[in-house]
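Okay, here's what each chain looks like letter by letter:
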Amino acid sequence: MNDAAPTLLLCSETDDLSGLCGEFERAAARDCPGLRVRCWTPDTPTTELQSVVAIAGWFVPMGLPARLLRLRLLASIGAGVEHLLRDPHLPPDVPVTRIVDPAQARGMAGYVLWAALHFHRDLDHVLAQQVRREWRMPSQRPVSAYRVGVMGLGAMGAEVARTLAAHGFDVHGWARRPAALDGVTTWAGPQAMRPFLAELDMVVSLLPLTPETWGLFDANWFATLKPGAVFVNCGRGEQLVVPALLDALRSGHLRGAVLDVFEHEPLPADDPLWAEPGVVITPHMASSASADVIAGQIVADAARVLVGQAPLHAVDRQRGY
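What this report covers is the structure whose coordinates are included nearby. Here the structure is a predicted model, which is why all the values come from computation and not from measurement.

1. A word on helix α10 (residues 242-250)
Residue pairs three or four apart in sequence face the same way in an α-helix, which turns once every 3.6 residues.
Logical step 1: Residues of α10 that are buried: A244, L245, L246, A248 and L249.
Logical step 2: On its buried face, α10 is in contact with α9 (219-224), β10 (229-233), β11 (254-259) and β12 (279-281).

2. Side note on the layout of surface pockets
Logical step 1: The space that makes up the second largest pocket amounts to roughly 310 Å³.
Logical step 2: Lining of the second largest pocket is provided by 15 residues; of these, D124, A128, P277, G278 and V279 occupy positions nearest its centre.
Logical step 3: Every element with two or more residues in the lining of the second largest pocket is listed here: α5 (102-120), α6 (123-132), β11 and β12.
Logical step 4: Ranked by residues supplied to the lining of the second largest pocket, first place goes to α6 with five residues.
Logical step 5: Tallied by class, residues from the lining of the second largest pocket come to nine nonpolar, four polar and two charged.

3. Topic: the packing of α5 against helix α7 (residues 155-166)
Logical step 1: Where α5 meets α7, the axes come as close as 8 Å, and the angle between the chain directions of the two elements is 45°. Considering the angle they form, α5 stands oblique to α7. As for how α5 packs across α7, the hand of that crossing is right-handed. Counted together, Q104, A105, R106, M108, A109, V112, L113 and A116 of α5 and A155, M156, E159, V160, T163 and L164 of α7 form the full contact between these two elements.
Logical step 2: Of the residues in the contact of α5 with α7, the class split is 10 nonpolar, two polar and two charged.

Reading the values: rules and limits
Residues numbered from 1 in each chain as written. Predicted model: local features only at pLDDT ≥ 70, side-chain atom pairs only at ≥ 80, totals over all residues. Heavy atoms only, no water. Buried < 20%, exposed > 50% of the residue type's maximum accessible area, 1.4 Å probe, protein only. Helix = DSSP H or I, 4+ residues; strand = E, 2+ residues; numbered from the N terminus. Contact = heavy atoms within 4.5 Å. 1 Å grid on protein atoms, 1.4 Å probe; cavity = no way out; pocket = protein on both sides within 12 Å on 5 of 7 lines; lining within 4 Å. Points joined across faces, edges and corners; volume = space filled by probe spheres on them. Nonpolar A, V, L, I, M, F, W, Y, C, P; charged D, E, K, R; others polar. Axes fitted to C-alpha atoms, helices over the stretch in contact; angles between N-to-C directions. Parallel < 35°, antiparallel > 145°, perpendicular 65-115°, else oblique. Left-handed = near helix turned anticlockwise from the far one by under 90°.

In structure tokens:
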């Protein structure tokens, strides 16, 4: 095979991406003939890297993109890009892209709807009663009386907010910039954060990880919530200050939490969150894009940059999404 043929490199220091190789090869044969697909390993020869024009990955080794002189695309295999932007040596003219999958957004909406119903219908209390073999029917209230806030109104957050509103919840959404969604009361900017949070029964984070959101959910933030509120984190684990969450739960200020993302994954077996009453832990399963969508979007973007066109799913590096 011609060593000079353009190569797409599947690359991560933390994950084995070899299972995606076949899907990428099929997408390349269909949409970008002549594009080779290779999986990176720590001992990949430098000679094999000279033909790399696109990287599809997660935690790409620091400094690797800067060494690839033909690189034209750095693509996240997920919806987030913070793991790529951590590299201070990224070539400034190489676009960074992320996956945008409507099916993934619908999956996330289903997960959050489940969380909202879990607490609205008092299933947390019912499950606790079951352990004690108690039979007490909880009182029911209209779904419209349960106010859910969604933080982050990108493609994922907007779908979540619309789904909750369609089910009848009183939905409020917050974003850095103004947004309009049918059936959703929207708030924008840092100055609106406190009034947005003040009356929520549940707040759901779908925020990207940026310098502004790192450690956002601290003691002061939880104190802004009304007593008895619920916290759901589907954004990034690094946004949550865990001791602050535990304090809010143990003081009774926070009713419960549903956590799908964590700073360290898998969550260590000795982590106190596992045994904390009121916390529901799921293993980063809220939603994910399918392998064919991941490969198809990235290969299509690679084909575009190879002919001098801009990729379709580029992010703003300054904003981080």
